[in-house]
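Summary of the model geometry
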Amino acid sequence: MSATTGTEEATARDTYDVVVLGAGPTGENVADRAHALGLSAVIVESELVGGECSYWACMPSKALLRPVTARADARRVPGLLQAAAVPLDSKAVLAHRDAFASHWKDDGQVRWLDSAGIDFVRGRARLDGPRRVVVATGGGEDRVLTARHAVAVCTGSRAVLPDLPGLADARPWTSREATSAQSVPPRLAVVGGGVVGVEMATAWQALGSRVTLLVRGGGLLPKMEPFAGELVAESLAEAGATVRTGVSVTGVRREMPNGPATVVLDNGEELVADEILFATGRAPRTDDIGLETVGLEPGSWLETDDTCRVKGVADGWLYAVGDVNHRALLTHQGKYQARIVGAAIAAQAQGSTALDTGRWGAHAATADTAAVPQVVFTDPEAASVGLTAAEAERAGHRTRAVDFDLGSVAGAGLYADGYRGRARMVVDLDRETLLGVTFVGPAVGELLHSATVAVAGEVPLDRLWHAVPAYPTISEVWLRLLETYRG
Ligand SMILES: Cc1cc2nc3c(=O)[nH]c(=O)nc-3n(C[C@H](O)[C@H](O)[C@H](O)COP(=O)(O)OP(=O)(O)OC[C@H]3O[C@@H](n4cnc5c(N)ncnc54)[C@H](O)[C@@H]3O)c2cc1C
Ligand SMILES: NC(=O)c1ccc[n+]([C@@H]2O[C@H](COP(=O)([O-])OP(=O)(O)OC[C@H]3O[C@@H](n4cnc5c(N)ncnc54)[C@H](O)[C@@H]3O)[C@@H](O)[C@H]2O)c1
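Only a predicted model underlies this, so the values are computations on that prediction, with no experimental measurement involved.

What follows deals with the overall build of the chain. Across its full length, the chain carries 17 helices and 21 strands. The C-alpha radius of gyration of the chain comes to 24 Å, within 12% of the 23 Å expected for a compact globule of 487 residues. Along the first, second and third principal axes, the C-alpha atoms of the chain reach 80 × 65 × 40 Å. Counting all 487 residues of the chain, 52% fall into the buried class. Within the chain, contacts between residues separated by at least 24 positions form 63% of all contacts whose residues are at least 6 apart in sequence.

Listed below in structure tokens is the structure:
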């Protein structure tokens, strides 16, 4: 038996098949898949296990929004209209949100890591050359983790604030404050008409704030079909919010620390609000993770191939997964990439020389470019998958956009009095398959997966004709869209 030194023991203990930076939904799934496929894995987290999604994004925002859409639905059915014509109990809604954010404690998710057989280190991780990760654990001594096969960077993204005079002193809200605030501001200005902007405007207006949404472009939700933003804007205005398009914010100030803030617009106008939410996009959390030690640019989005291996790094040991690779900034897409990365790392560790990286292959995140589903949980909901008509055209496809008024579908009429909504499918005329589908209307979020199956499955329209929607459901819109296409 050979004697080992303390250093050798520590090195052996800290050598894993896979080292994961960041325990958001993506990092957790990379580690879990790798472990399930027989590899050892360690995950490092500097804040809370569960990441942005669990504490400041998906979960708390949807917990704020569900009471809003439930009340709106009740107001559209006879017999409940009067009962639902009441303000939301904001205290109860905020408490419900707190519970869904696990009161910003991660004990449950740490226990899950343990039960899944994944080692956990709390601290700030940095790359330190190929396959080496140094973790500042706060205890004075750094811990060095070595990866036999792969390192996965899953450090996510943070909110971006524009470079405006007075902004830092004005204590603006970002998505973190908008999802975790403990009281309802009487007046809330929201800058940005993307997904965070419209969801948070919807939630806080219903909770009692007077919301002014300031959008520099021509409409809301610019990444979706134009009718999505139009219907959501109409509904926000009916709820009492002010939606202003074509305006830019040029400055902000908060004169007294506990006083209101003033927003200055490009036309010289000034607007007073108690809080200002900047919902103006995301930046990668890569500024201080040692990218320079492996030849990459600190602060950049990490560009990858379809297997999520970082471009420009020799030997394919470095993966970037989830928001940080900028492929599709959504939890479900990050988790999808994680399943693909876990399988790819396991295949390589088991000596497989060729990965299955062709379109829709086991080791290619093809859906990131062909079939990304997204639901915006506003009233009405906006749900889309794949390409919009404009994107399909720009990509050079020969297409036809087929529209149908959702309100005239029997199931929609039963769902809500005066149901307002619209559906569009974008047909690839050469292949007679679907490139994209969008639904806007109450409760369409749960309809979206049918469209995702059709787009990702490249189901021929002739076969879709045999997928019979049950009567009388909102899904009958599928039949109406196909009938409209066939003429
Ligand atoms: C308000 C809001 C609502 C959203 N709602 C939805 C929704 O309904 N549905 C949806 O699909 N998506 C939604 N998103 C997007 C979703 O939150 C992200 O796509 C998702 O969180 C990305 O997961 P991730 O694991 O890649 O990154 P993150 O969730 O950001 O996790 C990254 C983790 O890495 C940690 N980390 C960073 N640097 C280090 C380091 N150096 N060392 C150790 N740890 C580190 C961070 O602390 C964090 O825990 C929403 C986003 C926002 C802002
Ligand atoms: N339900 C969901 O799936 C959900 C919910 C929230 C967020 N998310 C994801 O999180 C990510 C971040 O969302 P987001 O809304 O912050 O980003 P976004 O990119 O969707 O929207 C940001 C908007 O702000 C505008 N903007 C940028 N700079 C500006 C400025 N200086 N002044 C005024 N407007 C400005 C942009 O033109 C854009 O329309 C998105 O990728 C989104 O898909 C998803």
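Further notes follow.
Close to ligand 2 lie 20 residues; V196, E199, K223, Q374 and V375 are nearest. Separating an oxygen atom of ligand 2 from a side-chain N or O atom of R216 is a distance of 3.4 Å. In this structure, an oxygen atom belonging to ligand 2 sits 3.4 Å away from a main-chain N or O atom of A279. Starting from 840 Å² of accessible surface for ligand 2 in isolation, the protein chains cover 76%.

Before going further, it helps to examine the UniProt feature "domain: Pyridine nucleotide-disulphide oxidoreductase dimerisation" (unreviewed entry) in the chain. As recorded in UniProt, the sites labelled "domain: Pyridine nucleotide-disulphide oxidoreductase dimerisation" (unreviewed entry) are residues 372-478. What you have in residues 372-478 is 25% helix and 31% strand, and the ends, taken at the C-alpha atoms, are 19 Å apart.

Looking at the element boundaries, R71 is found in helix α4 (residues 58-74). One buried charge, R71, has no salt-bridge partner; the nearest side chain with opposite charge is D379, at 8.3 Å. Those residues in contact with R71 that sit more than four places away from it in its chain are A84, V86, P87, L88 and A206.

On to the packing of helix α2 (residues 25-36) against helix α11 (residues 331-349), then. Axis separation between α2 and α11 bottoms out at 8 Å; the angle between their running directions is 25°. In terms of their interaxial angle, α2 and α11 are classed as roughly parallel. Relative to α11, α2 is oriented so that their crossing is right-handed. Contacts from P25, T26, N29, V30, R33 and A34 of α2 reach α11 at T331, G334, K335, A338, R339, V341 and G342. Classifying every residue of the contact of α2 with α11 gives five nonpolar, five polar and three charged.

Looking at the secondary structure, you find C58 in helix α4. Once the C-alpha coordinates of C58 and P469 are considered, the two residues, 411 residues apart in sequence, prove to be 30 Å apart. Residues contacting C58, with those up to four places away along its chain left out, are C53 and T331.

About the cut-offs
- Within any chain, residue numbers begin from 1 and follow the written order of that chain's sequence.
- Here the convention is simple: chains get letters from A, ligands get numbers from 1, in the order in which they are written.
- In keeping with the predicted nature of the model, local features appear solely for residues at pLDDT of at least 70, side-chain atom pairs appear and are counted solely at 80 or more, and the whole-chain, interface and lining totals rest on all residues.
- Neither water nor hydrogens contribute to the side-chain values; these are computed over all heavy atoms in the structure.
- A run of H or I in DSSP becomes a helix once it reaches four residues, and a run of E becomes a strand once it reaches two; helices and strands are each numbered from the N terminus.
- Throughout, radius of gyration means the C-alpha value; the globule benchmark is 2.2 Å times the number of residues raised to the power 0.38.
- Here the term buried applies to any residue with accessible area under 20% of the maximum for its type, exposed to any over 50%, and partly exposed to those in between, with areas from a 1.4 Å probe on protein chains only.
- The contact criterion used throughout is that any non-hydrogen atoms of two residues lie within 4.5 Å.
- If a single non-hydrogen atom of a residue is within 4 Å of a molecule or strand, that residue counts as near it.
- Under the rule applied, a polar contact is a pair of N or O atoms within 3.5 Å (in protein, one hydrogen donor and one hydrogen acceptor; residues adjacent in sequence only if both atoms are side-chain atoms).
- Surface accessibility follows the Shrake-Rupley procedure with a 1.4 Å probe radius. Residue values consider only the protein chains on display as shielding.
- UniProt positions are given in the numbering used here, feature names are shortened, and annotations may be inferred rather than shown by experiment.
- Asp and Glu are treated as the negative residues and Lys and Arg as the positive ones, with His and the ends of the chain left uncounted.
- Just to be clear on terms, a salt bridge is a Lys or Arg side-chain nitrogen sitting within 4 Å of an Asp or Glu carboxyl oxygen.
- Lines fitted to the C-alpha atoms define the axes, with helices restricted to the stretch that makes contact. Angles between their N-to-C directions range from 0 to 180 degrees.
- Small angles under 35 degrees read as roughly parallel and large ones over 145 as roughly antiparallel, with 65 to 115 read as roughly perpendicular and the rest as oblique.
- Handedness of a crossing is defined here by the sense of rotation of the near helix relative to the far one, left-handed for an anticlockwise turn of less than a right angle and right-handed for a clockwise turn.
- Polar here means any residue outside two lists: the nonpolar Ala, Val, Leu, Ile, Met, Phe, Trp, Tyr, Cys and Pro, and the charged Asp, Glu, Lys and Arg; Gly therefore counts as polar.

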